[in-house]
Amino acid sequence: MNSDVQIAGDPLAIPHLLPPVPAHPTTVSAFAGLARTIAADRDGWAPLVQYDATSRWYHRLRTGPGYEVWLLSWVPGQGSGAHDHGRSSGVLTVLQGELTERVGTRGARHALHAGAQRVFAPGYVHDVVNDALEPAVSLHIYFPGLTEMPLHPTQSAELPAGAGAEALGALGG
């Protein structure tokens, strides 16, 4: 007697029976995965990196529907200042070196080594700085694409009122 596979053929060979594969990320987890995929392709991003002693260097690496991917370099001592990302959420991934993120009312510090990721929601205020003696490179994905980055005059970055820490988190860092 014939089985259904013998009669109908291999269902994996029939594309219309498979769910569509999304062309672009649609979840925080998928954006974090995209960042890890880009990070793993060192030959793709490393030749693009430049270092600027006067300001952080940045390069838009990729865009997709509703998101942008940025590559940044940080020489020792360079920092972002306390800021948020307007209505954008994002994923920060350290590709090379070490960065320090300061966040919270007490200026909590997070040492971010190569491979570390941080995710953030709209309104998340932080300060990122290269406190190390070697240059660092980071990858930033913003969704929707970054349209504003308001600076905050505080010495230590703070969470906005009502923004719970549970909405934010660290992935591998």
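Residues numbered from 1 in each chain as written. Predicted model: local features only at pLDDT ≥ 70, side-chain atom pairs only at ≥ 80, totals over all residues. Heavy atoms only, no water.

(A) Up close: the overall build of the chain. When helices and strands are counted, the chain shows 3 helices and 9 strands. Contacts spanning at least 24 positions in sequence make up 75% of the contacts within the chain whose residues lie at least 6 apart. Carbon and sulfur atoms provide 57% of the accessible area of the chain, an area that totals close to 9600 Å². (Helix = DSSP H or I, 4+ residues; strand = E, 2+ residues; numbered from the N terminus. Contact = heavy atoms within 4.5 Å. Areas by Shrake-Rupley, 256 points an atom, 1.4 Å probe, with all protein chains shown as cover.)

(B) Representation of the sheet that holds strand β7 (residues 126-129) in the model. Reading across from one edge, β5-β4-β7 is the order of the 3 strands in this open sheet, with antiparallel pairing throughout. Each edge of the sheet is formed by a strand with only one pairing partner; in this case those strands are β5 (108-113) and β7. The mean angle between the axes of side-by-side strands here comes to 20°, regardless of whether they run parallel or antiparallel. (Pairing = 2+ DSSP bridges. Axes fitted to C-alpha atoms, helices over the stretch in contact; angles between N-to-C directions.)

(C) Representation of the side chain of D84 within the structure. Position of D84 relative to the elements: it lies in the loop between β2 (67-74) and β3 (89-96). Notably, D84 is buried but unbridged: the nearest opposite-charge side chain belongs to R87, and the N-O separation is 11 Å. Here G86 takes part through its backbone nitrogen, which lies 2.7 Å from a polar atom of the side chain of D84. One polar contact links D84 to H152, side chain to side chain, over a distance of 2.7 Å. (Buried < 20%, exposed > 50% of the residue type's maximum accessible area, 1.4 Å probe, protein only. Lys, Arg positive; Asp, Glu negative; His and termini not counted. Salt bridge = Lys/Arg side-chain N within 4 Å of Asp/Glu carboxyl O. Polar contact = N/O pair within 3.5 Å; in protein donor to acceptor, adjacent residues only side chain to side chain.)

(D) Just helix α2 (residues 28-40), in detail. With 13 residues, α2 should cover 18 Å at 1.5 Å per step; its first-to-last C-alpha distance of 18 Å lies within 8% of that length. Restricting attention to buried positions, one finds in α2 the residues F31, A32, G33, L34, A35 and I38. (Expected span 1.5 Å × (residues − 1).)

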